[in-house]
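Fold and geometry: a report
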Amino acid sequence: MNTSLNRRDLLAAGLGTLAAVPLALAAESVVSAVAPPVEAAAPEESLSVRFREPARQWLEALPLGNGRLGAMVFGGTDRERLQLNEDTVWAGGPHDYANPRALDALPEIRKLVFAEKYRDAQERINADFAGQPITQMPYQTVGDLILDFPDAADATEYRRELDLRDATVRIHYTANGVRFTREYFASAPDDVLVLRLTADRPGSITLTATFASPQTSEVTGEGENTLLLTGVSGASAGIPGQVRFRASAQLRNEGGTLVAEQGRIHVRKADALTVLVAIATNHRAYDDLTADPARRTAETLAKAASRTVDSLRAAHLADYRPLFQRVSLDLGTTPDAEKPTPERVATFKNANDPHLAVLQFQFGRYLLIASSRPGTQPANLQGIWNESLNPPWGSKYTININTEMNYWPALPANLAECCEPLFAMIRDLAVTGRKMARDQYGANGWVTHHNTDLWRGAAPVDGAFWGMWPTGGAWLCKAVWDHYEYTLDREALRKHYPHLREAARFFVETLVVDPRTGFLVTCPSVSPENAHHSDVSVCAGPTMDNAILRDLFDAVVRSAEILDLDPDFRKEVTSARERLAPMRIGNAGQLQEWQEDWDMDAPEIRHRHVSHLYGLYPGQQIDPHRTPDLFAAARKSLEIRGDEATGWSMGWKINLWARLRDGNHAFKLVADLLTPERTAPNLFDLHPPFQIDGNFGYTAGVAEMLLQSRFDAASRTVELEILPALPGAWPDGNVRGLRARGNLIVDIAWKQGKLVEAVLHAGSDINLRPLRSRRADAADPTTEPTTFPALAGKKYRLIPQ
Ligand code: FUC
């Protein structure tokens, strides 16, 4: 059935002609009646992070992860080091950070803010409102698995690579005329790290295995072939370390001998060796440390040990590949793609290496799969990879941007299930944050501030300048609504809706009328980490808070409508929403960061946080069609901020320039990010130091350059913009398997900057309105009569004519 609906103005893609391009639209054969088809054919070309030598430093090591367990692979030929992580090894223990003086201090603090005595308000918060202790607790390393090779000779033909297609590290080298191969992977289904060492001459594998750790710990042996590392996490801010952990490595040799002595196992003249590593802790929940790590590792190892390596590998690939293969991106390949990865990062700016942009896009997807799977902790500031006991910013969850950014690619890059740990954290914070709301604000609902940790701390920490920001939980809630918009999964929405509603309840009860304007505002708050006057950030109703709350309130009202719940509360929320302070345009034509026009005199005019642009991205309150004035003001603000920034801030700016429909500027940020200053040799993003948010922001940004969507819940209508910000640097390409709002899977092919065709796979019944890319002459989409029904299980093809 080829019902061509010839319509003008359906969509004009990419660069070049501004003229509206009519499209033929064809409904294709039924694909599936239920689930959307998410598999994309994997192209053959390689997707590997490659080195020609072992890692000399941690940022050259290659990350493996199964969501919970992480390993950084160094690949030395005389000493192999795998630096190990488990995502519940954190310092300290269950703790409530509430400050008992806070509630009494709150009215006075508010008075000081409205009297414009911001510095005094900030000091009062530091004295009486800040969490106790003032800092939260860090995420920590488990330690290292060490393999020493006493017979190591000079290695030649050395290769070390992380193959993203198989989530496998492979190391090859020749020494003493023998070709050695190591193959490592982190299996989610079997919950173990698997190491396989082979050689092309029998009897060639001789090594000594042991553990090492900076934690309070001991290394012992168990039976003939098992090593144990048993320890406890460190103290922090006066709170003793209470996470007990165990790592257990079981060695299985083929040929040769194994001899165990005092925390070491000697392998002599084996033909091949398999090592299985299990790690567990006593953590069951943020307030429950009653599990038995020894029993957990023993059970996991017993199960895995009954299997062959081939069967473990097959289970790993059967689990990983269906996730990873959902999306393929091809921007063309040049001979540079053969080079070691760090060389490509060093030359990207001046080379023609579009495949590196693809590799980094897919690396972000890989990292999300490897650090955030159902049942694990959410990805923290370093995902799960951290070699320190005291990492930068505690490698915690900074929720005034960084944690949210970690999850930006999850939906558009088609990994919706990776959101689950974030939703589980929201569920916890709705409990600890409820106590915080009661203790420090005397309110119902729940609140959390700019940071949290394994213990789900909800108090303002790190000092008022950074911590006095009550909208962290509200921002996290956006992921729940986004998940609904992308998947139309009503049951997931029903499950998480109470957390949204209770987050909104807190604000309905605690927003105060700003006596100067009559609007409802958060008070006290900050525009994250940016000073409006020297060293002072505390204020009332910063632009970001108002925008986050509009999104939260809309999500609650729409969810309640969809689920047919809480009609009275809907009314309360709607009326609060109408009284929030609106966005304003300042004297420089910029979008104001605060209610007052302080921007141009603020101490750090190029500050890394671009919080006031939340409404442009990730929000959708600023839009070229509906709010052209705010759209122009947001652009102005971004120009004033400039491009130079930390890694994550550049990642955000890629998304913002994509939303501004400026592909070439978005690409400039891509190129700025893919430099040794902002991308480590192993492709980890650099703040610097390493922070994983920049990897995820980048991946989301590339997706946003290729496809944007907007969902209207009342009419179930999806607006789709295909290639909204395609840069001149990527004239030809194709992408398959991106996800758009409205449960659509989208494949796009383009040539010479113009759309060749887009194939849309509808997963649900929706109304679809493909838009041509926003140009100066673009018509208002709300009046364009281009909407058509798309039916679940059908494919639709858009072809320019
Ligand atoms: C916020 C940022 C910093 C850093 C930290 C983890 O505080 O402002 O740049 O990313 O989080």
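Residues numbered from 1 in each chain as written. Predicted model: local features only at pLDDT ≥ 70, side-chain atom pairs only at ≥ 80, totals over all residues. Heavy atoms only, no water.

With that settled, the discussion passes to the environment of Q362. Mapped onto the fold, Q362 is located in helix 6 (residues 354–371). Classification of Q362 by relative accessible area gives buried; the value is 2%. Separated by 110 residues in the primary sequence, Q362 and R252 have C-alpha atoms spaced 34 Å apart. (Helix = DSSP H or I, 4+ residues; strand = E, 2+ residues; numbered from the N terminus. Buried < 20%, exposed > 50% of the residue type's maximum accessible area, 1.4 Å probe, protein only.)

A ring pair, where both rings are aromatic, is described by two values, the distance of the centres and the angle of the planes. In the structure shown here, the tally under the stated rule is 28 aromatic pairs. Where Y320 meets F324, the ring centres are 5.5 Å apart and the plane angle is 15 degrees; that geometry is what we call stacked. Within this pair, Y320 and its partner F324 are both found in helix 4 (residues 309–324), separated by four residues, close to a single helical turn. Taking the relative accessible area as the measure of exposure, Y320 reaches 3% and is therefore buried. Where Y320 meets Y366, the ring centres are 6.2 Å apart and the plane angle is 70 degrees; that geometry is what we call edge-to-face. One end of the pair, Y320, is in helix 4; the other, Y366, is in helix 6, and 46 residues separate them in sequence. For the pair Y320 and Y366, a shared accessibility class is recorded, and that class is buried. Here the aromatic residues W58, Y320, F324, F363, Y366, W385, F684 and F690 are joined through ring pairs into a cluster of three or more. Positioned above the aromatic ring of F51 is the side chain of R160, whose terminal nitrogen or guanidinium carbon lies 4.3 Å from the ring centre. (Phe/Tyr/Trp six-rings, centres within 6.5 Å; stacked < 30°, edge-to-face > 60°. Lys NZ or Arg CZ within 6 Å of the ring centre and 35° of its normal.)

Here we take up the environment of H609. Relative to the elements of secondary structure, H609 occurs in the loop between helix 13 (567–578) and helix 14 (628–641). Of the residues examined, H609 reaches a relative accessible area of 2% and is grouped as buried. For the pair formed by H609 and D319, sequence separation is 290 residues and the distance between their alpha carbons is 37 Å. Not counting residues up to four positions away in its chain, the partners in contact with H609 are N400, I401, P528, E529, R641 and W648. (Contact = heavy atoms within 4.5 Å.)

Let us now look at the site of the ligand. Around the ligand, the neighbouring residues are L381, W393, T398, N402, E529, R608, H609, W648, H687 and Q691. N402 is positioned with one of its side-chain polar atoms (N or O) 3.1 Å from an oxygen atom of the ligand. Within the side chain of Q691, a nitrogen or oxygen atom sits 2.9 Å from an oxygen atom of the ligand. Coverage of the ligand by the protein amounts to 96% of the 290 Å² it exposes when considered alone. Taken together, the residues that form the shell around the ligand break down as three nonpolar, five polar and two charged. (Near = heavy atom within 4 Å. Polar contact = N/O pair within 3.5 Å; in protein donor to acceptor, adjacent residues only side chain to side chain. Areas by Shrake-Rupley, 256 points an atom, 1.4 Å probe, with all protein chains shown as cover. Nonpolar A, V, L, I, M, F, W, Y, C, P; charged D, E, K, R; others polar.)

What follows is about empty space enclosed by the protein. For the coordinates displayed, the defined rule picks out ten cavities of 30 Å³ or more. Considering only enclosed or pocket space, the largest cavity measures out at about 250 Å³ in volume. Taken together, the residues that form the lining of the largest cavity break down as twelve nonpolar, no polar and six charged. (1 Å grid on protein atoms, 1.4 Å probe; cavity = no way out; pocket = protein on both sides within 12 Å on 5 of 7 lines; lining within 4 Å. Points joined across faces, edges and corners; volume = space filled by probe spheres on them.)

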